[in-house]
Amino acid sequence: MDAQPTAEAVTDDSPTRPGERPAPNPSDPDPTEPKTAAPPAAAGTADVQAPRTAAPAGAGAWGGPYAPAPVPPAPRSLVRRLLTPVAVLGGVVAAFGYVGAVDPNEPGHYPVCPLLRFTGVYCPGCGGLRSAHAVAHGDLPAALDANALAVVGYGIFAVVMAVWLIRAVRGVPMRLTISPRLSWAIGAVLVLFTLVRNLPFGSALAP
């Protein structure tokens, strides 16, 4: 007797049956999305490099802790250093020379103090021109009698000018700073001097 053929089981790895469409694979790209072109890779490089920042202006090969020290400016000449203090001193000397030549004790040469004219009160500057005239002629007692505070101011100015000239010759800058306390002190001295010279017991300070 011949053996009858038996139906062999058909095995297929595909989970789909004949006539069905295969299920989409999640890893496959979506065919409905438009395709975009990939950016061209830089020639000679395979990896994406981080963008470089531009170097700041003036930065050279000697930047960092090994940078050379800045070149200090060239010192000014002696003539340029003395120009300002000599000009100030020349202006003050010219003013004293004019007051010394034109006597303020004679009426009509200089205007009258408006405070004294309208109120009869001596201001801190009353007698200052007569004091300067006496200083220009070397008469210190007459200068103190006219305005003692002005003579003190002349002395302070002379000291400041001497220091200024010496520092200018040495090439050291001159800086004058007045603190708030000093400003208040100067104002208090002016008020006190004005008050005393207008009282009977302070008539020696009146011009």
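Residues numbered from 1 in each chain as written. Predicted model: local features only at pLDDT ≥ 70, side-chain atom pairs only at ≥ 80, totals over all residues. Heavy atoms only, no water.

A. The arrangement of the environment of Leu149 in detail. By the secondary structure assignment, Leu149 is in helix H5 (residues 148-170). Among the residues examined, Leu149 registers a relative accessible area of 24% and is labelled partly exposed. Excluding its chain neighbours within four sequence positions, the residues that come into contact with Leu149 are Val189, Leu190 and Phe193. (Helix = DSSP H or I, 4+ residues; strand = E, 2+ residues; numbered from the N terminus. Buried < 20%, exposed > 50% of the residue type's maximum accessible area, 1.4 Å probe, protein only. Contact = heavy atoms within 4.5 Å.)

B. View of the packing of helix H1 (residues 78-101) against helix H3 (residues 128-136). Look at H1 against H3: their axes get within 8 Å of each other, and the N-to-C directions meet at 95°. One way to sum up the angle between H1 and H3 is to call them roughly perpendicular. In contact with Phe96, Val99 and Gly100 of H1, H3 contributes Leu129, Ala132, His133, Val135 and Ala136. (Axes fitted to C-alpha atoms, helices over the stretch in contact; angles between N-to-C directions. Parallel < 35°, antiparallel > 145°, perpendicular 65-115°, else oblique.)

C. Geometry of the packing of aromatic side chains. Considering all chains together, one arrives at 2 aromatic pairs under this definition. Measuring from centroid to centroid gives 5.2 Å for Phe96 and Tyr154, while their planes differ by 80°, and the two rings are edge-to-face. Of this pair, Phe96 sits in helix H1 while Tyr154 is found in helix H5, placing the two residues 58 residues apart along the sequence. Phe96 sits in the partly exposed class, given a relative accessible area of 22%. (Phe/Tyr/Trp six-rings, centres within 6.5 Å; stacked < 30°, edge-to-face > 60°.)

D. Representation of H1 within the structure. With 24 residues, H1 extends 33 Å from end C-alpha to end C-alpha; this agrees with the ideal 34 Å at 1.5 Å per step. Approximately 35° is the largest bend angle found in H1, and it occurs at Thr84, with the proline Pro85 only one to four residues beyond. Taken as a whole, H1 has its buried residues at Arg81, Pro85, Val99 and Gly100. At its buried positions, H1 is contacted by H3 and H5. (Expected span 1.5 Å × (residues − 1). Bend = angle between axes of the 7 residues up to and from the residue.)

E. Quick peek at the side chain of His133. Locating His133 in the fold gives a position in helix H3. Those residues in contact with His133 that sit more than four places away from it in its chain are Val99, Gly100, Val102, Asp103, Pro104 and Asn105.

F. Up close: the packing of H1 against H5. It is at 9 Å that the axes of H1 and H5 come closest, and there the two elements cross at 160°. The angle between H1 and H5 falls in the class roughly antiparallel. Here H1 and H5 pass one another in a crossing that is left-handed. Taking contact as the criterion, the partners of Leu78, Arg81, Leu82, Thr84, Pro85, Val86, Val88, Leu89, Val92 and Phe96 in H1 are, on H5, Tyr154, Phe157, Met161, Trp164, Leu165, Ala168 and Val169. (Left-handed = near helix turned anticlockwise from the far one by under 90°.)

G. Seen up close, H5. Compared with an ideal rise of 1.5 Å per residue, which puts 23 residues at 33 Å, H5 spans 34 Å between its outermost C-alpha atoms and is within 8% of the ideal. When we look at burial in H5, the residues that qualify are Ala150, Val151, Met161 and Ala168. In this fold, the buried residues of H5 make contact with H1, H3 and helix H4 (140-146). Here H5 starts with a cap whose side-chain oxygen sits 3.2 Å from the backbone nitrogen of Leu149, and that cap is Asn147. One or two residues past the end of H5 sits Gly171, with phi positive at roughly 85°. (Polar contact = N/O pair within 3.5 Å; in protein donor to acceptor, adjacent residues only side chain to side chain.)

H. Quick peek at the confidence of the model for the chain. Of all residues in the chain, 64% attain a pLDDT of 70 or more, and the chain-wide mean is 77. Across residues 1-14, confidence stays below pLDDT 50; counting only partners more than four residues off in sequence or on other chains, it has 0 contacts. Per-residue pLDDT stays below 50 along residues 42-48; that stretch engages in 0 contacts with residues further than four places along the chain or on separate chains. (pLDDT = per-residue confidence, 0-100.)

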